[in-house]
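What follows is the residue order along each chain.
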Amino acid sequence: MSPRRKERRVVAVAGAAALVAVGLNLAFSAVAAHRRRKRQELPGFSVQVNLSAAEIKRLADRIIAKSKETYDAVAAVPLDKVNFANAIAPLAELDAQQFPLVQACVLPRMVSPSEDICRASAEAEKRLDSHFLLCRQREDVYRVVKAFTERGERIGPEATRFVQYLVREFERNGAKLTQTKKKEMEKLKSLIDDLNLKYIQNMNDFTKFLLLSEEELAGMPLEFLKDLEETDGKRKVLLTGYYVTPILEHCKVGSTRKQIAVAYGQKGGNQNVAILEKLVQIRHRLARLLGYSNYSDFAIEPRMPMTSRKVLEFLEEMSEQLSDLANRELTVLKELKMKEEGDAQFGMEDLLYYMKRGEQHKVDLDIGEIKRYFPVKLVISGMLKMFQDLFALRFEEIKDVEVWHDTVRLFSVWDASSSDLLGYFFLDIFSREGKYDHTCVVALQNGCMCSNGSRKVPVAVLLSQCPKEFDGNSALLRFPEVVRIFHEFSHVVHHISNRATFSRFSSLRLEGDFAEIPSLLLENWCYESISLKMMSGFYQDITKSVSTEACQSLKRRRDMFAGLKLKQEILLCLVDQIIHTSENVDIDELIKDLHPKVILGIPLLEGTSPASCFPRIAVGYDAVCYSYIWSEVFAADLFATKFKDDLLNQHAGLRFRNKVLAPGGSKDPLEIITDYLGREPSLQPFIQSRTRNAL
C-alpha cells in the first residue's frame, strides 16, 4: 500500500478514535443563523464547516464532556442489570452523534487558509485523540460491556458484530490488564513512538551526495543536469528519491547506477538497523502483554486474513505463481543489457533502467502527448457520469450553500430508480496555498440510524491539488493524477453507498484490506477504452477523445514487468511478516538470505542495508505491508468475474453496490466477497491479467 493510500486511511478515520465515543442528544453552540438555515435545508446533513478557532475549541470541549458523561453513565450500570438499552445503545448513539462533530474539528487543519484555525484544529484533534484513547482503556466500561456479552441477550447480527468490535477494541487497548501491566503497556508504546520518530529523523537527516561528471551521468536529460549544482566541474547529486530514481531509470552508465544505488541503500545507516531491530523486540513484548503470541498476529487479527500464518501462505503462493512471468521478464532485461553493456552481470542497480528501456521498446506512448487529453474539468465530469451510469446513481450539484472556499462544490447523491437520498459529497480539488498536499477522502459524516429513528446520511469530501484554469483554459492532468482522483472518488462512492445501521461500520472506517478492494477494482476502468474516452478530450478540441491505441498502450505500460515489480514488493512483505512473527532476527542477514530466493537469483546489492531505509516496516505498516497486494488480488478477481466483459453494465454495478458496498463493515468482508462471487476468491485472475498484458 502506497503512502498516499495510508495517509488517506489515517485521515478518513482521524478523530474516528470516537469508535466508542458517542453523544446522546449532544448539544453544541449554534453558529450564525444563515449557516444554520442552510444546513437545515439539506435532509440528513448535520456537517459543520467554517468554524472559527474559538468555535473549534468550544466544540472539542463539549465533545469531550458529553463523551465522558456517557461513559460514566454506562460504567455506573450494575452488572446484574446490564442490557442492550443501558450498556450498548448509548455507546452506539454517541458514536453516531459525535463523529460528524469530531470531523468538524479535524477538517479545518487540512483546508483552512487561516493559520489560527489550522492551529486550533490540530490542537483539537490531538486533545480528542488523547481523550478517546483513554475512553478505550476504561476498565469500568469494559466490565459492563463484557457483562452484557455474558448475559446472552438476543440481538441482531449487526448489533452482535458491533458488540464484538467494542470488546476487541477495549481489549486491544489494555482495558483488561492490571494497573501494573497497563503502565508497562504505556511505557512500551511510548518507546515505540520515540523509536519511530528517530528512525524517520535519521532518514530525513541523511544529507549525503555524490559528485559526478557529465560523462558519468550520460543519458540524463539536459533539464535534469541543469537542476544539479556544479562543484569543481562535476554535478552534485543529492541522495534523495527526487534525484536517485531518475538516475536509476535513465543513466546509461552501469557503474554510476551501481554507485548511486549503493550509496542510497545505506540511507539511515547502522543506527536505523539497530532501531528497527529494537522496535521489533518491543512490539513483540507489547503483543505478548496483550495476550498474542507475536506482534504480527496482533496486527492482523482485525483484518481479513486474521492470522500471520495465512498471510505468509498467501505471500509464498503469490511468489511461486509469479516466478514464471518474472523469469521471462528478467530474460528480456538481461538481453537488453547484453546489447548495451556486453557480458556484464545483471544486478539490482539495473532493474529500473532496463525496465524503462524495455517499456520504450514495447510501448508506443508519449506521456506528454497523453496529458493533453485530460483537462481537469473533463476528467471530473466524465468520471461523475461514469459512476452515475455504472451504479445507478444521480448526482445533483447544490448551489448557494456554505463551503470553506469558493472553488469547493457540493453534490447530493440519489438512487436513480427509487429517488432515495443516499448522501452528499464535496469536491475540493483545486490547488491553493496551505491546503493538504495529497489526494485523499475525508469522511465528514457516517451513514447510520439514530435512536429517534432518523437516519444520518454519509457525507465525504474529496481533496486534491489539481492545477487551476489559466486564461480560461482548463488545466491538464498527468495520467497518474487521473488514476489517483478516480481511485479516491471510488472511496467516496463506497462511503455514500453504505447502508449499515451503526456508524462504526462506515466504509471509510474499515481496515485497509477491505477498504481498498473496491477502489482497486474500479481503477481498472482507467485502463479501458470505453471509460477513458468518457473522461478525455483533446484540450483544443474536446470532441476528440484519447485514441483506442493509446488506451491499450496505457494498460500495457501498467503491466510491463509486473512480475518483477511484484516480486520486489513480496520480498518486502515477507521480511515484514518474518521479523514480526519471530524474535531476535538478524534483519540484514534475513534479507541477504531471502533476496536471491525471491528475486530470481539476483543477490542483494553489496554494501546496502535495506533495513536502514524501510520506512513502511518501521512506521505505519508494521506487519501489514502485505495488505495492498492482498487487496489487488481480490480486486482483480472481482473485475475479471463480474465486469471485464461489460464495463458499464448497470445491473452488475447495482448488484455490486448493494452486495459489496452497502454493508460496509456490518458483515465479515470475506463472507461478503465470497457470497458475491459465489466462491472463494482466487489468485488466478490477478496472475492471468498481469501475464496477458505484461510482455
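Since this is a predicted model, take the numbers as computed values, not measurements. (Residues numbered from 1 in each chain as written. Predicted model: local features only at pLDDT ≥ 70, side-chain atom pairs only at ≥ 80, totals over all residues. Heavy atoms only, no water.)

Describing the confidence of the model for the protein chain
Note the following rule: pLDDT expresses how confident the predictor is about each individual residue, on a scale running from 0 to 100. Think of it this way: any DSSP run of H or I at least four residues long counts as a helix, any run of E at least two long counts as a strand, and we number them from the N terminus. The contact definition used throughout considers only heavy atoms, calling two residues in contact when any of these lie within 4.5 Å.
In the predicted model, the protein chain carries a mean pLDDT of 91, and the fraction of residues at 70 or more is 94%. The least confident element of the protein chain, judged by mean pLDDT, is helix α1 (residues 3-12) at 38; the most confident is helix α3 (residues 53-75) at 98. Note on residues 1-40: pLDDT is under 50 here. Beyond four places in sequence and across chains, it has 133 contacts.

Details of a nonpolar patch on the surface
Stated formally: Patch definition: residues with relative accessible area over 30% and no salt bridge; like charges joined within 9 Å; nonpolar side chains (Val, Leu, Ile, Met, Phe, Trp, Tyr) joined within 5 Å. In short, Shrake-Rupley with a 1.4 Å probe defines the accessible areas, and a residue's cover is counted only from the protein chains shown. Here, a salt bridge means any side-chain nitrogen of Lys or Arg that lies within 4 Å of a carboxyl oxygen of Asp or Glu. Relative accessible area decides the class of each residue, using a 1.4 Å probe on protein chains only: under 20% of the type maximum gives buried, over 50% gives exposed, and in between gives partly exposed.
On the surface, F209, L211 and L238 cluster together to form a nonpolar patch covering roughly 230 Å² of accessible area. Mapped onto the secondary structure, F209 falls in strand β1 (residues 209-212). A relative accessible area of 39% means that F209 is categorised as partly exposed.

Digging into the nonpolar core
Note that soluble globular proteins tend to have their nonpolar side chains buried in a common cluster. As a reminder, the rule being used: Here the nonpolar core consists of buried residues drawn from Ala, Val, Leu, Ile, Met, Phe, Trp, Tyr and Cys, with membership extended through side-chain atoms lying within 4.5 Å.
One finds M318, F387, F479, F489, W525 and V575 to be the most contacted residues of the largest nonpolar core, which totals 149 residues. Looking at this core element by element, the count peaks at eleven residues for helix α15 (residues 308-341). For F479, the residues in contact, after removing those within four places along its chain, are I370, F374, C526, Y527, L532 and L554. Grouped together as the second largest cluster of nonpolar side chains are 43 residues, V77, L91, A104 and A159 included.

So, the sheet that holds strand β6 (residues 421-430)
What counts, and what does not: Note on pairing: two strands pair once DSSP finds at least 2 bridges between them. Angles run from 0 to 180 degrees between N-to-C directions of axes, and those axes are lines fitted to C-alpha atoms, restricted for helices to the stretch in contact.
In spatial order, the strands read β4-β5-β6-β10-β7; together these five strands make up an open sheet with mixed pairing. Two strands lie at the open edges of the sheet, namely β4 (393-398) and β7 (440-445), each paired on one side alone. Adjacent strand axes in the sheet meet at a mean angle of 25 degrees when their direction is disregarded. The sheet contact formed by β4 and strand β5 (residues 409-415) spans six bridges and is antiparallel. Paired with E397 across the strands is F411, a residue of β5. Its contacts with the sheet place helix α19 (residues 479-497) against β4, β5, β6, β7 and β10 (459-466), and it is angled at close to 170 degrees to β10.

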